[in-house]
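Inside the fold
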Amino acid sequence: MVFAIASFLHFLYPLSKKTVMGALLGSVNESVWEHIKVFAIAYIIWAMVTLLWSRPPLREFVWAKAVSVVALCLSITLFFYFYTGLTGKPILCVDLTASLVLTFLAHLLSYKITTSHTNRGRFFMTGVMILLLVFIMILCFTYYPPQIPLFKDPVTGTYGVPFTMEDTGAAVMDIIHLL
C-alpha cells in the first residue's frame, strides 16, 4: 500500500494543477529528496490507516513509526547513492525494486519495535518530535531546498518547486512564509 500511495503522490503535483497541497504532498521534481518525501508521506499515511484500523499500543506504535520512517528515508538515500556510484547512473527497475524492499524492511522494523517486550513507550514524545521534524522538513524543503545534490532535479538542474511556473497556491505559501 505504501508503494501504491507513493506512486500516486509522485504524480500528484501536476495532477493538482501545481497547487500548494499538490506540491507539499507530491513530487515537484525528480530529485532524490522528492522521492524520499513521497515515500515518507505515504508511509505516514499508511501508519495512520493502520493505527485507526488495528489500534496497536499507541505509545510504542508512534515510536516505531518514527524510527522506521527515518530508517526508510536514510536507506533509500544511501542505497541510491551507493548503487549509482557503482553504475554511474540510476536504473528505474533497481529504484522500484529497492523502494519495495526497503519499504518492507521499514515495516518489519516497525513491527519488531511495536511488539517488543521492552518499554519503548517511554520514547513516545521523542517519536512525536521526530515525526513533527519530518513534517517540517517536508514543508520547508519543498519550497526552500538546500542547494545540495540531494535536492537537485537531475532532469532540469533546478531545486524544489520551479518558481518560474505559475503556482495557484503561492498566496498561501507567502502567508506561511510570513509566519
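So, a few notes on the structure that sits alongside this text.

Thresholds applied
- Residues numbered from 1 in each chain as written.
- Predicted model: local features only at pLDDT ≥ 70, side-chain atom pairs only at ≥ 80, totals over all residues.
- Heavy atoms only, no water.
- Axes fitted to C-alpha atoms, helices over the stretch in contact; angles between N-to-C directions.
- Helix = DSSP H or I, 4+ residues; strand = E, 2+ residues; numbered from the N terminus.
- Parallel < 35°, antiparallel > 145°, perpendicular 65-115°, else oblique.
- Left-handed = near helix turned anticlockwise from the far one by under 90°.
- Contact = heavy atoms within 4.5 Å.
- Nonpolar A, V, L, I, M, F, W, Y, C, P; charged D, E, K, R; others polar.
- Core = buried A, V, L, I, M, F, W, Y, C linked by side-chain atoms within 4.5 Å.
- Buried < 20%, exposed > 50% of the residue type's maximum accessible area, 1.4 Å probe, protein only.
- Polar contact = N/O pair within 3.5 Å; in protein donor to acceptor, adjacent residues only side chain to side chain.

1. Observations regarding the packing of helix α4 (residues 32–54) against helix α5 (residues 58–87)
Between α4 and α5, the shortest axis-to-axis distance is 10 Å and the interhelical angle comes to 155°. With respect to each other, α4 and α5 are oriented roughly antiparallel. Regarding α4 and α5, the two cross each other, and that crossing is right-handed. Contact with α4, carried on its side by Val 32, Ile 36, Phe 39, Ala 40, Tyr 43, Ile 44, Ala 47, Thr 50 and Leu 51, involves Leu 58, Phe 61, Lys 65, Ser 68, Val 69, Leu 72, Cys 73, Ile 76, Thr 77, Phe 80 and Tyr 81 of α5 and no other residues of that element. When the residues that make up the contact of α4 with α5 are grouped by side-chain class, the tally is 16 nonpolar, three polar and one charged.

2. Some details on the nonpolar core
Residues Leu 9, Phe 39 and Leu 72 are the most contacted members of the largest nonpolar core, which totals 27 residues. Put simply, the parts of the chain that give this core at least two residues each are α1 (2–10), α4, α5, α6 (92–115) and α7 (124–143). Among the elements that line this core, the one with the most residues is α4, at nine residues. Residues contacting Phe 39, with those up to four places away along its chain left out, are Val 2, Phe 3, Ala 6, Leu 72, Ile 76, Ser 99 and Thr 103. Among the nonpolar cores identified, the runner-up in size contains seven residues, and Ala 23, Leu 24, Val 28 and Val 161 belong to it.

3. Topic: the side chain of Asn 29
By secondary structure assignment, the location of Asn 29 is in the loop between α3 (20–25) and α4. A distance of 2.8 Å separates a polar atom in the side chain of Asn 29 from the backbone nitrogen of Ser 31. Not counting chain neighbours up to four residues away, the residues in contact with Asn 29 comprise Glu 34, His 35, Phe 151, Asp 153, Thr 158, Tyr 159 and Gly 160.

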